[in-house]
Amino acid sequence: MIMNRVKEPELMQNPLQVKAYAEADFSASDNSLIDRIEKYCVLQKRFFSSLSLLCDLGCGPGNIAEGLSQRCPSATVLGIDGSQAMLDIAMDRQKKLNLNQGLGNISYHCCDISSIASEESKFDKQIDLIVSNSLLHHLHDPGQFWKALKVMSSKATVHVHRDLRRPSSVKAAIALQKKYLPDSPKVLIRDYLASLQAAFTVAEIKNQLCEESLDFLSVHEVDDRYLEVVGIF
């Protein structure tokens, strides 16, 4: 049976859910994304300096923001998320890790996508790189995501956005859960299956890009569970 999209909550606010997500070990996929971001920027001959602003949109507990900070220690890194509960964990981690790993170039801001899309939230500095990791599938209206990117971007902003892609069936989704989260807490297993069902297909993303006149961005499959959208505005 084909698995249709079923929306899930846009924000993680439940303390148990936030704690389980923050404590989970996603280092393999996080490092993979950071590597791909770095390789894409090198391919495009884009290098970041002390004048650069890098943004992790939907940063959650700060995993990708921390990776960007370590790879580009001279740049400024901005983590944005709509969940203050997630940002509290990110900022607490930053304080602890900063003692040994030097993450003083990260700042966090609580802001939802719709306020960016409507230009209620503005940015004083040009953003050189915008990345997101498993954000798009959370949004009930994906158009808000693409509109927000337009507001945040200049003509030279680099984009790398990774998300889950929806499997063809519930059976396929359960197989992915057993492969990647075999011994995880029940809350993570539940949320992972919900996220797979809320995710988009490559074809759906292509349609969204066309509708928003962003079809110069490219979307492609990555391994057996992700898709990525990359390009330069």
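Preceding this paragraph is the structure being described.
1. A few points about the nonpolar core
Logical step 1: Judged by nonpolar contacts, the single largest core of 29 residues is most densely connected at Leu57, Trp146 and Ile205.
Logical step 2: Broken down by element, this core gets its largest block of residues, five residues, from helix H6 (residues 142-152).
Logical step 3: In this view, Ile205 contacts Leu136, Trp146, Phe200, Val219, Leu227 and Val229; residues no more than four positions away in its chain are not counted.
Logical step 4: Residues Phe48, Leu54, Leu103 and Val160 belong to the second largest nonpolar core, which totals 24 residues.

2. Section: the layout of surface pockets
Logical step 1: By volume, the second largest pocket amounts to about 230 Å³.
Logical step 2: Forming the boundary of the second largest pocket are 14 residues, of which Asp30, Asn31, Asn63, Glu66 and Gly67 lie nearest the centre.
Logical step 3: When residues of the lining of the second largest pocket are traced back to their parent elements, those giving at least two are helix H2 (27-43) and helix H3 (63-71).
Logical step 4: Broken down by element, the residue count for the lining of the second largest pocket peaks at five residues, all from H3.
Logical step 5: The residue makeup of the lining of the second largest pocket, split by class, is four nonpolar, five polar and five charged.

3. Some points on the pairing of strand E5 (residues 158-164)
Logical step 1: Across the seven residues of E5, seven count as buried, placing the element largely inside the fold.
Logical step 2: Note that strand E4 (residues 129-133) and E5 share five bridges and pair parallel. Within E5, the residue paired with Leu129 across the bridge is Val158.
Logical step 3: In this fold, the crossover linking E4 to E5 by way of H6 has right-handed handedness.
Logical step 4: Bridge analysis of E5 against strand E7 (residues 226-232) gives seven bridges, and the strand direction is antiparallel. Bridge assignment links His159 to a residue of E7, and that residue is Gly231.

4. A word on the side chain of Arg46
Logical step 1: Within the secondary structure, Arg46 is located in the loop between H2 and strand E1 (53-57).
Logical step 2: No salt bridge is formed by the buried Arg46; its nearest oppositely charged neighbour, Asp128, is found at 4.7 Å.
Logical step 3: In contact with Arg46, other than residues within four places in its own chain, are Cys41, Asp128, Ala156, Val158 and Ile232.

5. Considerations on the pattern of salt bridges
A side chain with one charge may pair with a side chain of the opposite charge, provided their charged atoms come close.
Logical step 1: One pass over the full model with this rule turns up 13 salt bridges.
Logical step 2: Between Glu228 and Arg162 there is a salt bridge; the shortest N-O distance is 2.9 Å. Taken together, the positions of Glu228 in strand E7 and Arg162 in strand E5 put the pair 66 residues apart, joining distant regions of the chain.
Logical step 3: Overall, the relative accessible area of 2% leaves Glu228 in the buried class.
Logical step 4: In this structure, the salt-bridge partner of Glu221 is Arg165, at a minimum N-O distance of 3.5 Å. Taken together, the residues span a long stretch of sequence, with Glu221 in strand E6 (residues 218-222) and Arg165 in the loop between E5 and helix H7 (170-180) at a distance of 56 residues.

What counts and what doesn't
- Residues numbered from 1 in each chain as written.
- Predicted model: local features only at pLDDT ≥ 70, side-chain atom pairs only at ≥ 80, totals over all residues.
- Heavy atoms only, no water.
- Core = buried A, V, L, I, M, F, W, Y, C linked by side-chain atoms within 4.5 Å.
- Buried < 20%, exposed > 50% of the residue type's maximum accessible area, 1.4 Å probe, protein only.
- Helix = DSSP H or I, 4+ residues; strand = E, 2+ residues; numbered from the N terminus.
- Contact = heavy atoms within 4.5 Å.
- 1 Å grid on protein atoms, 1.4 Å probe; cavity = no way out; pocket = protein on both sides within 12 Å on 5 of 7 lines; lining within 4 Å.
- Points joined across faces, edges and corners; volume = space filled by probe spheres on them.
- Nonpolar A, V, L, I, M, F, W, Y, C, P; charged D, E, K, R; others polar.
- Pairing = 2+ DSSP bridges.
- Right-handed = clockwise from strand over helix to strand, strands pointing away.
- Lys, Arg positive; Asp, Glu negative; His and termini not counted.
- Salt bridge = Lys/Arg side-chain N within 4 Å of Asp/Glu carboxyl O.

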